[in-house]
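Architecture at a glance
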Amino acid sequence: MSDDDNPADQADDPATTEPSETAADGGAVASEAPQSRFWGVVPSGWELVEGSEVYDVNPSYTPDEEEVTYIEMDALDTELPFPRYSKKRKAADYSGKLFREGDTLFARITPCTENGKAAFVDEMETDVGIGSTEYAVLSPDRERIFPLYLYYVTKSHPVRNYAISRMRGSTGRQRVPFDVFRKELEISLPPMAEQRRTASILYNLDKGISNVEEEIEKIRRIKRGTSQRLFSEGTRDHSSFISENWKNRSEELPEEWYVVPSDEVMTVTRGAHPRPKSDTTLWGGEIPMIKIGDRGERPVITSTQDTVTEKGSKKSKLVDEGTVIVSNAGTTGVPRIVGMTACIHDHWLILKDYQDQLDTRFLYHYLDWNTDYVQTLASGSTVADLNTTDFGSFEIAVPSLDEQKEIAKILDDFDSLVFKHQETRSKLAKIKRGLLQDLMTGSVRARDESIEVLYEVAQHG
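Quick word on the overall build of the chain
Each helix and strand in the chain was counted, giving twelve helices and 27 strands. Looking at the chain as a whole, 48% of its 461 residues qualify as buried. The long-range share in the chain, meaning contacts at least 24 apart out of those at least 6 apart in sequence, stands at 75%. Total accessible area computed for the chain in this model is approximately 22600 Å², and 46% of it derives from carbon and sulfur atoms. Taken as two groups, the 55 positive and 80 negative side-chain charges of the chain have centres that lie 3 Å from each other.

So, in structure tokens, the structure goes:
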């Protein structure tokens, strides 16, 4: 391996002193602790081992069953250890990587590696599972390394950063070579009891994150059900319903509402961005440029990755705060509200001049509820594109402005609950990432025997 393959040098910690070693004058003699190019100084009581000493890479398993558990790449999470779901597949029909319970799946292809996709294989219905050829399967030697501890090693900054630095191949299809795990990775390994406690600490945080995510999904499910009721019945006691002018729809609507195509209650234009991106007279100014990557999870976009100059803004579409935009690239039909004066990239449609008939927050929630339907309006067989004509045909059921605001307020409250939980999740994830680094390097130790090893963790030993 060339010097270029090595991770950046880490600062040395002070040399340790063993009390048993004394100089001729009776003073202590400093003895050098082992050094790792990944982990720095190896803590006392730990051993530095080559990764291949404590795990196998892509082991050769023989499935006994005709159909085996199948875990696809989309099932791997970027934060949590366990795959979100699994299916079954005939092993003879698929040439993927094989694995068993207790193995770690490391996604080795861009952008999955950079995003941190990995999984710990929990309980399976079959003895052997199969998955993507883009997995590096690490099967632990359970006498040397605790299975769940190995998973957390692969999630650590030194391992992930090194794997990313060693990716090879053409742009967009780069992969981590298997030799990174077979020949290059070394592990600073604590005693087994400490490994188990370390894994339990980190798993407990993951469990907390998972619980928050489940609560977020629960709130979203309730919001979807509430949206269905509000957008078909409203908030008031409407005596009768109509459905005659509701194209391709089966829902009935309050008699006081009216249905109208979008292009009759607003103007719909496409965003634009100045070219070329390298022109510093156009890019790098003080005016935000909202691109598709700025979408985020929240309804209101308040920050951007790119900015343009005054000159650049004249080659784009500058909009005011409070404007509703809808994605027309990637996942089409996703609405957002612009949270500041900004230019809009051409991967967005801009909705304007609707305020006399539509409340902004109502329009946002109405489009958010109808995202799947709006996607069906997009053109193109290979790459979907939602153009202004496509979107202009989208029908909106319009209540009075007062009732619109009542509907929006109810749905805003659901969003507020989601945001609070998302903040909690972010805090837990930040704590976990910092503690993961400290525990893996030994700057924080799990030596206290009072640390409980959770049952869910112990069963993987």
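From this point, the narrative continues.
Here's the deal with unusual backbone geometry
With glycine set apart, most residues show a phi of negative sign, and most peptide bonds adopt trans. In this structure, the amide linkage connecting T110 to the following residue, P111, adopts the cis form with an omega of 0°. Mapped onto the elements, P111 comes out in the loop between β10 (104-107) and α2 (112-115). A cis amide bond links R275 with the next residue in sequence, P276, at an omega value of 0°. In the Ramachandran plot, N58 falls in the positive-phi region, its phi being about 50° despite a non-glycine side chain. With respect to the secondary-structure elements, N58 resides in the loop between β6 (55-57) and β7 (67-71).

So, the side chain of S313
Mapped onto the fold, S313 is located in helix α7 (residues 310-313). Once you skip the residues sitting within four places of it in the chain, S313 turns out to touch I287, V308 and C343.

Considerations on the sheet that holds strand β22 (residues 318-319)
Across the sheet, which stays open at both edges, the four strands sit in the order β21-β19-β25-β22 with mixed pairing between neighbours. Edge strands, defined here as strands with exactly one partner in the open sheet, are β21 (306-308) and β22. Where strand β19 (residues 283-290) and β21 come together, four bridges link them in antiparallel fashion. Across the sheet, residue I287 finds its bridge partner in β21, namely V308.

Looking at the confidence of the model for the chain
Confidence along the chain averages 89 in pLDDT terms, with 90% of residues attaining 70 or more. Contacts of residues 1-30 to residues separated by more than four positions or lying in other chains number 37 contacts, the stretch itself having pLDDT below 50.

Observations concerning the side chain of K97
For K97, the position within the fold is in strand β9 (residues 97-99). Here K97 sits buried without a salt bridge, and the closest side chain of opposite charge, E134, lies 7.4 Å off (N-O distance). Non-local contacts of K97, meaning those with residues more than four positions away in its chain, are made with N58, G129, I130, G131, S132, T133, Y135, V137 and F178.

A look at the environment of V159
Topologically, V159 is positioned in helix α4 (residues 157-165). We classify V159 as buried; its relative accessible area is 3%. Note: C-alpha distance between V159 and A446 (287 residues apart in sequence) is 20 Å. Excluding residues within four positions of it along the chain, V159 makes contact with W39, V153, T154 and L185.

Some thoughts on the sheet that holds strand β18 (residues 267-270)
Pairing between the strands of a sheet is mediated by backbone hydrogen bonds and can be parallel or antiparallel. Taking strand neighbours across the sheet as the criterion, the five strands line up as β18-β26-β23-β24-β20 in an open arrangement whose pairing is mixed. With one partner strand each, in any of the chains shown, β18 and β20 (300-301) form the two edges of the open sheet. Pairing analysis gives four bridges linking β18 to strand β26 (residues 348-352), with the strands arranged antiparallel. Residue pairing in the sheet places T267 in a bridge with K352 of β26. Sitting on the sheet, helix α8 (residues 360-369) touches β20, β23 (324-327), β24 (335-338) and β26, and the angle it makes with β24 is about 155°.

Some thoughts on the packing of aromatic side chains
The geometry of an aromatic ring pair comes down to the distance between the two centres and the angle between the two planes. In the structure shown here, the tally under the stated rule is 14 aromatic pairs. Centre to centre, the rings of F106 and F181 are 5.1 Å apart; their planes meet at 65°, and the pair counts as edge-to-face. Residue F106 is located in strand β10, and its partner F181 is located in helix α5 (residues 179-184); the two are separated by 75 residues in the primary sequence. Like F106, the residue F181 is buried in the burial classification. Both rings, one in F231 and one in Y366, keep their centres 5.1 Å apart while their planes meet at 85°; by these two values the pair is edge-to-face. Here F231, found in helix α6 (residues 192-233), pairs with Y366, found in helix α8; they are 135 residues apart in sequence, far enough to count as distant. Y366 carries the same exposure label as F231, and that label is buried.

Things to note about the nonpolar core
Core analysis: the biggest nonpolar cluster contains 40 residues, and Y55, L148, Y149, Y152, F181, I187 and M440 have the highest contact counts within it. Residue contributions to this core peak at six residues, all from helix α3 (residues 147-155). With sequence-adjacent residues up to four places away left out, Y152 is seen in contact with P81, A199, L202, Y203, D206, K432, L436 and M440. Of all hydrophobic cores here, the second largest spans 38 residues; its members include V259, Y366, F394 and F419.

Some thoughts on the packing of α3 against α6
Between two packed helices, the angle of one axis relative to the other and the distance separating the axes together describe the packing. Between α3 and α6, the least distance of the axes is 9 Å, while the angle of their chain directions is 65°. In terms of orientation, α3 and α6 fall into the roughly perpendicular class. Judged by the sense of rotation from one axis to the other, the crossing of α3 with α6 is left-handed. On the side of α3, the interface is formed by L148, Y149 and Y152, while α6 contributes Q195, T198, A199, L202, Y203 and D206.

Side note on the pattern of salt bridges
Charged atoms that come close allow side chains of opposite charge to pair. For the coordinates displayed, the defined rule picks out 29 salt bridges. A salt bridge links E194 to R445; its shortest N-O distance comes to 2.6 Å. With a gap of 251 residues between them, E194 in helix α6 and R445 in the loop between α11 (401-441) and α12 (455-458) connect regions that are remote in the sequence. A relative accessible area of 3% places E194 in the buried class. Of the residues examined, R445 reaches a relative accessible area of 21% and is grouped as partly exposed. Between D368 and K223 there is a salt bridge, with its nearest N and O atoms 3.6 Å apart.

What counts, and where the lines are drawn
Residues numbered from 1 in each chain as written. Predicted model: local features only at pLDDT ≥ 70, side-chain atom pairs only at ≥ 80, totals over all residues. Heavy atoms only, no water. Helix = DSSP H or I, 4+ residues; strand = E, 2+ residues; numbered from the N terminus. Buried < 20%, exposed > 50% of the residue type's maximum accessible area, 1.4 Å probe, protein only. Contact = heavy atoms within 4.5 Å. Areas by Shrake-Rupley, 256 points an atom, 1.4 Å probe, with all protein chains shown as cover. Lys, Arg positive; Asp, Glu negative; His and termini not counted. Charge placed at Lys NZ, Arg CZ, Asp CG, Glu CD. Pairing = 2+ DSSP bridges. pLDDT = per-residue confidence, 0-100. Salt bridge = Lys/Arg side-chain N within 4 Å of Asp/Glu carboxyl O. Axes fitted to C-alpha atoms, helices over the stretch in contact; angles between N-to-C directions. Phe/Tyr/Trp six-rings, centres within 6.5 Å; stacked < 30°, edge-to-face > 60°. Core = buried A, V, L, I, M, F, W, Y, C linked by side-chain atoms within 4.5 Å. Parallel < 35°, antiparallel > 145°, perpendicular 65-115°, else oblique. Left-handed = near helix turned anticlockwise from the far one by under 90°.

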